[in-house]
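What the coordinates show
Each chain, letter by letter, is given below.
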Amino acid sequence: MLPARLRLFLAVAALWVGLFGFGLALDERVDGPWVLTAPTLLRLGALGLPLEDGWAGLRAGSTLLLHSDALHLASNLAAWALILLSYPRSIAPRRLLGVFVVGGLIAALGSIAAYSQVGGVSVGPSGALCACLSFALLQPARRAVKLLWLLLALAFLVGGQLASGDQGAHVAGLLAGGLLGFWRRPRPAARSPQPAAPA
């Protein structure tokens, strides 16, 4: 049987790649360019801003499975692989998935708060990945691994700024993961009182 982390990576990757390929088929762009149009992203479940339908709650979750173009997909697959490979073994895959989902939903709220007046389409799991990174930074780990997570988080922020990405989702995801990490970080064991020395 495959290791749990590899199964988790393959399951999420299959969803991401499958939905992206389906979107290309809807757009009749299987031969390129590998960029999905806004109407197709919205049909697949992306979060449209300002909110105009009653499906915002569902879209906040479904947008975590979607990508706007091939580069967006490839970069998030690489980040997801690095996160899974470097995550502390003390954190079970199901807990990591929980951080991904909860952090992603909070990231969607950050996107709504930041861009409801501007409009557009919020798509992708980068806010959820940011939550996984900031959660991990508050867990016990080697310094070199923490540096990798920090660099990945900075890459999301800088890359999002350069590519006009959804910084509202990135920042909200980082904050959400940090709060979850602070809440779930291991507590030092209470020291038992030492017996009094005989007089």
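This next bit is on the packing of aromatic side chains. Tallied over the full model, the rule gives three aromatic pairs. With a centroid separation of 5.3 Å and 50° between ring planes, the pair formed by W80 and F100 is classed as tilted. Highlighted residues: W80 in helix 4 (residues 70-86) and F100 in helix 5 (residues 93-115), separated in sequence by 20 residues. With respect to class, W80 is no different from F100; both count as buried. Aromatic rings pair up to connect W16, W80 and F100 into one cluster.

With that settled, consider the side chain of T40. With respect to the secondary-structure elements, T40 resides in helix 2 (residues 38-44). Classification of T40 as buried rests on a relative accessible area of 3%. A distance of 2.5 Å separates a polar atom in the side chain of T40 from a polar atom in the side chain of D27.

Looking at the protein as a whole, the pLDDT averages 87, with 91% of positions reaching at least 70. Highest mean pLDDT in the protein belongs to helix 1 (residues 4-27) (95); lowest belongs to helix 7 (residues 143-162) (86).

What follows is about the nonpolar core. W80, I83, Y87, L96 and F100 are the most contacted members of the largest nonpolar core, which totals 39 residues. When contributions to this core are tallied by element, the ones reaching two or more residues are helix 1, helix 2, helix 4, helix 5, helix 6 (126-137), helix 7 and helix 8 (167-184). Looking at which element gives the most residues to this core, the answer is helix 6, with eight residues. Residues in contact with F100, not counting those within four places in the same chain, are W16, L64, W80, P125, A128, L129 and C132. L49, A60, A108 and I112 belong to the second largest nonpolar core, which has five residues in total.

Take the environment of S126 next. The topology assignment puts S126 in helix 6. By relative accessible area, which is 10% here, S126 ends up buried. Linking S126 and G173, residues 47 residues apart in sequence, is a C-alpha distance of 8.1 Å. Discounting chain neighbours no more than four positions away, the residues touching S126 are N76, F156 and H170.

The interhelical angle for the contact between helix 6 and helix 7, taken along N-to-C directions, is 150°, at an axis separation of 9 Å. Between helix 6 and helix 7, the interaxial angle falls into the category roughly antiparallel. Every pair of crossing elements has a handedness; the one defined by helix 6 and helix 7 is left-handed. When helix 6 is examined against helix 7, the residues S126, L129, C130, L133, A136 and L137 are found in contact with a partner set consisting of K146, W149, L150, L152, A153 and F156. Here the contact of helix 6 with helix 7 is composed, by residue class, of ten nonpolar, one polar and one charged.

Bringing helix 5 into the picture now. Spanning 23 residues, helix 5 covers 32 Å between terminal C-alpha atoms, matching the ideal 33 Å at 1.5 Å per step. Buried within helix 5 we find L96, V99, F100, G103, G104, A107, A108, G110, S111 and I112.

Conventions we followed
Residues numbered from 1 in each chain as written. Predicted model: local features only at pLDDT ≥ 70, side-chain atom pairs only at ≥ 80, totals over all residues. Heavy atoms only, no water. Phe/Tyr/Trp six-rings, centres within 6.5 Å; stacked < 30°, edge-to-face > 60°. Helix = DSSP H or I, 4+ residues; strand = E, 2+ residues; numbered from the N terminus. Buried < 20%, exposed > 50% of the residue type's maximum accessible area, 1.4 Å probe, protein only. Polar contact = N/O pair within 3.5 Å; in protein donor to acceptor, adjacent residues only side chain to side chain. pLDDT = per-residue confidence, 0-100. Core = buried A, V, L, I, M, F, W, Y, C linked by side-chain atoms within 4.5 Å. Contact = heavy atoms within 4.5 Å. Axes fitted to C-alpha atoms, helices over the stretch in contact; angles between N-to-C directions. Parallel < 35°, antiparallel > 145°, perpendicular 65-115°, else oblique. Left-handed = near helix turned anticlockwise from the far one by under 90°. Nonpolar A, V, L, I, M, F, W, Y, C, P; charged D, E, K, R; others polar. Expected span 1.5 Å × (residues − 1).

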